Amino acid sequence: GGDIARAKKRLAVTKKWREEVGADTMLRVGQPNFWPIKCFVPHCFHGYSKLGQPVTWQRPSGMRLGLLWKHGQNLDTFVKQYTLVEEYLAGRVHKSDYAGNIIKVIDLAGLKRSQVLQSEMRKLLKHSMKLASHYPGRTAYLLLVNMPGWGAMLMSMLNALMAKDDSRIVLSFTPAKTLEGLRRLIDDDQIPSELGGSSPHALGAHPLEVGFWQQVRRQNFELGVEPVAIKPEHRASATGYLPPPPHTFDGPDHHSGAKGGGGARAGEAEADGEVF
């Protein structure tokens with residue numbers, strides 16, 4: 001029927017897209033642009049949901065797109081970073097009954113209406129929604145926390161970009177209801193302290209995120225790829241969720257052995273033979 005035909009068409013489009021961006025080899029090639037995007041676009045893995053789903057965290061108010069562009073980045077490198085995150089989830093994160101999908105938390109604290117209305121921000125938002133369509137069913141819930149008073153405008157923009165069926169996965173919470181909302185799906189010890197939880201790890205320092213950094217470090221080191229360095233005059237403006245030391249603004253230390261805290265999932269991933 002029509003549904004099958006549409007599904008086949010979407011699959012064909014996604015296959016072509018994966019070939020164009022090199023999705024299948026994303027975990028085997030150098031990632032020179034990983035560092036500046038991490039420094040100027042706050043996003044990271046942190047913890048698991050009550051059902052064992054990995055949780056990603058983003059903070060749009062911390063995005064410094066002007067600085068990102070000054071470091072040679074563009075929408076194409078943003079697309080590859082998004083793809084790298086998704087492929088890492090699919091190929092490296094510990095498998096569980098729910099490993100096929102994740103929970104995304106977008107912290108809107110500090111976000112200004114003027115930021116959202118910027119043309120570059122709107123382009124990134126549009127690209128993010130389009131990219132998500134190539135990973136159907138990957139996001140179990142999209143949590144918009146610390147929703148500002150003008151959130152209705154933001155929701156209108158999102159609804160215009162999202163597939164019709166995807167609106168059911170979006171949950172939004174005002175600042176007063178944010179922690180309560182997070183606790184509906186995530187245990188308190190998996191919620192970062194920056195948002196009122198009791199996780200022992202700061203954002204950027206969870207073993208799941210540290211493992212991601214080490215994966216990219218290894219790829220670049222083994223292939224002799226030099227990461228794009230942060231210009232000295234812009235180092236104080238880095239807003240990303242950075243890993244625990246050692247790291248430098250020339251890129252993550254290739255030889256760092258830091259693995260962050262323990263945790264059964266992190267230990268099981270190493271036991272499975274993954275070198276992070």
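Placed above this text is the structure.
Owing to the predicted nature of the structure, the values given are computational and were not obtained by experimental measurement.

Chemist: Teacher, can you tell me more about helix 7 (residues 151–161) here?
Modeler: Along an α-helix, residues three or four positions apart point the same way, because every turn accommodates 3.6 residues. By the burial criterion, the buried members of helix 7 are Gly151, Leu154, Met155, Met157 and Leu158. End-on view of helix 7: buried residues confined to an arc of 160°, all on one side of the axis. Exposed residues on helix 7 whose side chains face more than 90 degrees from its buried face are Ala152 and Ala160. Turning to helix 7, the residues buried within the fold contact helix 5 (113–117), helix 6 (119–132), strand 4 (139–145) and strand 5 (170–172).

Chemist: Help me understand the packing of aromatic side chains in this model?
Modeler: What describes a pair of aromatic rings is the distance from one ring centre to the other and the angle between the planes of the rings. Counting across every chain of the model gives seven aromatic pairs. Taking 5.3 Å as the distance between ring centres and 70° as the angle between the ring planes, the aromatic pair formed by Phe45 and Phe212 counts as edge-to-face. Here the residue Phe45 occupies a position in strand 1 (residues 43–48), and Phe212 occupies one in helix 9 (residues 207–223), the gap between them amounting to 167 residues. Both residues of the pair, Phe45 and Phe212, count as buried. Relative to Phe212, the ring of Tyr88 lies with its centre 4.7 Å away and its plane at 35°, an arrangement referred to as tilted.

Chemist: Whenever I open this one, the pattern of salt bridges confuses me. Can you help?
Modeler: Two side chains carrying opposite charge are able to pair once their charged atoms lie near each other. A full pass over the atoms with the stated rule returns seven salt bridges. We note a salt bridge from Asp24 to Arg18, for which the minimum N-O separation is 2.6 Å. Note on Asp24: relative accessible area 54%, which makes it exposed. The salt bridge involving Glu86 is made with Lys104; its shortest N-O contact spans 3.7 Å. Here the residue Glu86 occupies a position in helix 4 (residues 75–91), and Lys104 occupies one in strand 3 (residues 102–107), the gap between them amounting to 18 residues.

Chemist: Whenever I open this one, the packing of helix 4 against helix 6 confuses me. Can you help?
Modeler: Describing two packed helices takes the angle between their axes plus the distance from one axis to the other. Two elements in contact, helix 4 and helix 6, have axes separated by 11 Å at closest approach and are oriented at 40°. Judged on the interaxial angle alone, helix 6 and helix 4 are oblique. Of the two possible hands of crossing, helix 4 and helix 6 adopt the one that is right-handed. Residues Leu75, Phe78, Val79 and Tyr82 of helix 4 touch helix 6, and the partners they reach there are Lys123, Leu124, His127, Ser128, Leu131 and Ala132. When grouped by side-chain class, the residues that make up the contact of helix 4 with helix 6 number seven nonpolar, two polar and one charged.

Chemist: In this structure, what is going on with the sheet that holds strand 1? I would like to understand it.
Modeler: Sheet strands pair by backbone hydrogen bonding; their relative direction is either parallel or antiparallel. Reading across from one edge, 1-2-3-4-5 is the order of the five strands in this open sheet, with mixed pairing throughout. Strands at the two margins of the open sheet, each flanked by one partner only, are strand 1 and strand 5. Across this sheet, the average inter-strand angle for adjacent strands is 25°, counted without regard to direction. In terms of strand pairing, strand 1 meets strand 2 (residues 54–58) through four bridges, oriented antiparallel. Each residue of the ladder has a partner; that of Phe45, found in strand 2, is Thr56.

Parameters at a glance
- Residues numbered from 1 in each chain as written.
- Predicted model: local features only at pLDDT ≥ 70, side-chain atom pairs only at ≥ 80, totals over all residues.
- Heavy atoms only, no water.
- Buried < 20%, exposed > 50% of the residue type's maximum accessible area, 1.4 Å probe, protein only.
- Helix = DSSP H or I, 4+ residues; strand = E, 2+ residues; numbered from the N terminus.
- Arc of directions from axis to C-beta.
- Contact = heavy atoms within 4.5 Å.
- Phe/Tyr/Trp six-rings, centres within 6.5 Å; stacked < 30°, edge-to-face > 60°.
- Salt bridge = Lys/Arg side-chain N within 4 Å of Asp/Glu carboxyl O.
- Axes fitted to C-alpha atoms, helices over the stretch in contact; angles between N-to-C directions.
- Parallel < 35°, antiparallel > 145°, perpendicular 65-115°, else oblique.
- Left-handed = near helix turned anticlockwise from the far one by under 90°.
- Nonpolar A, V, L, I, M, F, W, Y, C, P; charged D, E, K, R; others polar.
- Pairing = 2+ DSSP bridges.

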